[in-house]
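Here is what each chain is made of, one letter per residue.
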Amino acid sequence: MNDIFLRSLLRQPVPYTPVWLMRQAGRYLPEYRATRAKAGSFMGLAQSPAYACEVTLQPLDRYALDAAILFSDILTVPDAMGLGLSFAEGEGPRFAHPLRDEAAIKALQVPDMARLQYVFDAVRTIRQALSRRGEQCVPLIGFSGSPFTLACYMVEGGGSDDYRHLKTLLYSRPDLMHRILDINAEAVAQYLNAQIDAGAQAVMIFDTWGGMLADGAFHSFSLTYTRRVLSLLKREHEGRRVPSIIFTKGGGLWLEDMAATGADAVGLDWTVNLAQARARVADGCALQGNLDPSVLFAPPEAIRAEVSRLLQSYGQHQPGSGHIFNLGHGISQFTPPESVSILVDTVHEVSRAFHVAPESAQQMT
């Protein structure tokens, strides 16, 4: 198995920088669109282990990626809580029963994980399919939304430009906000642990909306609950460590605090200087990121130049350092598939010059 991604998360010596992309299985691929058409809807796709496996593997058939990520959605957990998730064509997610009053919030409970069995079945199906690839087998990442990001959708009932309902609740009734987050943290921990039991070899927590919080509020309402989830996660399965990654879009201001949560890696969006980020965490955790997704609309030579610039910015790898190349957020549905080939190949080719040979690294330790 190609385990370079896992070794990089654990800051072990590797011969090159591994690469995977957030939303790497998605609408930019024509084969994904064809599979979704067969499934009939997004939920039909996500709730079918066979279809979820198919689209998870599609980018691996095209590109030499170093990890697969489970195809699912961050809102499966609140859906299992009975909030009534739906996806209208051309629109974002919607909940039929948003949390807008005290009675609904006090009635909220951690869902029975059996309601999410289709996700765990998908993890097992994908792991089995990956294992049949022999040397081309790569690790599988499981994931969840963070407690705070889930709460944003649960209170708003969908996406929002200003999260007015959420912030009104947060400032006027923080006790109710904390109750939602308490429930969500326990649910997310159970959900990720069940993915680990099913075969996920690393897990990632997406805090998509934490960065829109004020300083201080981020720590109280987002980071505290991400830290709680991390404290409840299983750290080992199948005789191997299960590394964890956290990512807050817009969270670069609080990088040191995120690095102190105990996560093995912190994901960075494209606004963060990678060299400065490495210095700020002092190689105390691995870093993931952080190419601007819009670079992939540029000509091939510009993509290669930006990828090379980021690798150079991180600099020479030493024992105890770790970098996973990724985008600063999810890949755009309008990305030309051939641009991803250029990105992946450039990472693998250029990054080798920045890595100490494993044999040399062992002699240095």
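Thresholds applied
- Residues numbered from 1 in each chain as written.
- Predicted model: local features only at pLDDT ≥ 70, side-chain atom pairs only at ≥ 80, totals over all residues.
- Heavy atoms only, no water.
- Helix = DSSP H or I, 4+ residues; strand = E, 2+ residues; numbered from the N terminus.
- Rg over C-alpha atoms; globule rule 2.2 N^0.38 Å.
- Buried < 20%, exposed > 50% of the residue type's maximum accessible area, 1.4 Å probe, protein only.
- Areas by Shrake-Rupley, 256 points an atom, 1.4 Å probe, with all protein chains shown as cover.
- Lys, Arg positive; Asp, Glu negative; His and termini not counted.
- Charge placed at Lys NZ, Arg CZ, Asp CG, Glu CD.
- Arc of directions from axis to C-beta.
- Contact = heavy atoms within 4.5 Å.
- Expected span 1.5 Å × (residues − 1).
- Phe/Tyr/Trp six-rings, centres within 6.5 Å; stacked < 30°, edge-to-face > 60°.
- Axes fitted to C-alpha atoms, helices over the stretch in contact; angles between N-to-C directions.
- Parallel < 35°, antiparallel > 145°, perpendicular 65-115°, else oblique.
- Left-handed = near helix turned anticlockwise from the far one by under 90°.
- Pairing = 2+ DSSP bridges.
- pLDDT = per-residue confidence, 0-100.

A. Spatial organisation of the overall build of the protein chain. A count of helical and extended segments in the protein chain gives 16 helices and eleven strands. For a compact globule of 365 residues, the expected C-alpha radius of gyration is about 21 Å, and the protein chain comes in at 20 Å, within 12% of that figure. Projected onto its principal axes, the C-alpha coordinates of the protein chain cover approximately 60 × 45 × 45 Å. Per-residue burial for the protein chain yields a buried fraction of 56% across its 365 residues. Looking at the protein chain as shown, the accessible area adds up to about 14,200 Å², and 49% of this sits on carbon and sulfur atoms. The average position of the 32 basic charges and that of the 37 acidic charges among the side chains of the protein chain differ by 2 Å.

B. Seen up close, helix H9 (residues 164-172). Three or more residues of H9 are buried, namely Leu166, Leu169 and Leu170. Buried residues along H9 cover an arc of 100° about the axis, so they all sit on one side. In H9, those exposed residues whose orientation departs by more than 90 degrees from the buried face are Arg164 and Tyr171. Those residues of H9 hidden inside the fold are in contact with helix H6 (102-107), helix H8 (147-156), helix H10 (174-198) and helix H11 (217-232).

C. Representation of helix H14 (residues 300-314). Taking 1.5 Å as the rise per residue, H14 with 15 residues should run 21 Å; its terminal C-alpha atoms sit 22 Å apart, in good agreement. Inspection of H14 places Ile303, Val307, Leu310, Leu311 and Tyr314 among the buried residues, and these make up the whole buried set. One face of H14 carries all of its buried residues, which in axial projection span an arc of 100°. Turned more than 90 degrees away from the buried face of H14, the exposed residues are Glu301 and Gln312. Packing partners of the buried residues in H14 comprise helix H13 (274-281), strand S10 (286-288), strand S11 (323-324) and helix H15 (337-351). Of the residues one or two after H14, Gly315 is the one with positive phi, at around 90°.

D. Molecular detail of the packing of aromatic side chains. Throughout the structure, instances matching the rule amount to seven aromatic pairs. With a centroid separation of 4.7 Å and an interplanar angle of 50°, the aromatic rings of Phe42 and Phe87 are classed as tilted. In this pair, Phe42 sits in helix H3 (residues 42-46) while Phe87 sits in strand S2 (residues 85-87), placing the two residues 45 residues apart along the sequence. With a relative accessible area of 24%, Phe87 lands in the partly exposed category. With a centroid separation of 5.7 Å and 90° between ring planes, the pair formed by Phe143 and Phe206 is classed as edge-to-face. Placement of Phe143 in strand S4 (residues 140-145) and of Phe206 in strand S5 (residues 202-207) is noted, with a sequence separation of 63 residues between them.

E. Just the packing of helix H4 (residues 49-62) against helix H7 (residues 117-131), in detail. Where H4 contacts H7, the axes come no closer than 8 Å and their chain directions differ by 45°. When the axis of H4 is compared with that of H7, the two are oblique. Crossing angle aside, the handedness with which H4 passes H7 is right-handed. Along the contact surface, H4 presents Pro49, Ala52, Cys53, Thr56, Leu57 and Leu60, while H7 presents Tyr118, Asp121, Ala122, Thr125, Ile126, Ala129 and Leu130.

F. Up close: the pairing of strand S8 (residues 244-248). S8 sits mainly inside the fold: five of its five residues count as buried. Here S8 shows a buried face lined by Ser244, Ile246 and Thr248 and a second buried face lined by Ile245 and Phe247. Where S5 and S8 come together, five bridges link them in parallel fashion. Within S8, the position partnered with Met204 by the bridge is Ile245.

G. Highlighting the sheet that holds S4. As summarised here, the arrangement of the seven strands in space is S1-S4-S5-S8-S9-S10-S11, forming an open sheet in which the pairing is parallel. Because the sheet does not close on itself, it has two edges, and the strands there are strand S1 (68-69) and S11. Strands in contact with H11 are S5 and S8; relative to S5, the strand with the most contacts, it is inclined by about 170°.

H. Summary view of the side chain of Asn184. Its location among the elements puts Asn184 in helix H10. For Asn184, the contacting residues outside a window of four places in its chain are Met81, Pro147, Leu150, Ala151 and Met154.

I. Structural view of the confidence of the model for the protein chain. Residues of the protein chain with pLDDT of at least 70 account for 97%, and the chain-wide mean is 95. Taken as a whole, residues 360-365 scores under 50 in pLDDT and shows seven contacts with residues more than four places along the chain or in a different chain.

J. Spatial organisation of the side chain of His329. Checked against the element boundaries, His329 lands in the loop between S11 and H15. In this view, His329 contacts Met22, Arg23, Thr208, Phe247, Lys249, Trp270 and Pro293; residues no more than four positions away in its chain are not counted.

K. Region of the structure containing the environment of Ala103. Looking at the element boundaries, Ala103 is found in helix H6. A relative accessible area of 56% means that Ala103 is categorised as exposed. With 236 residues separating them in the primary sequence, Ala103 and Ser339 have C-alpha atoms 50 Å apart.

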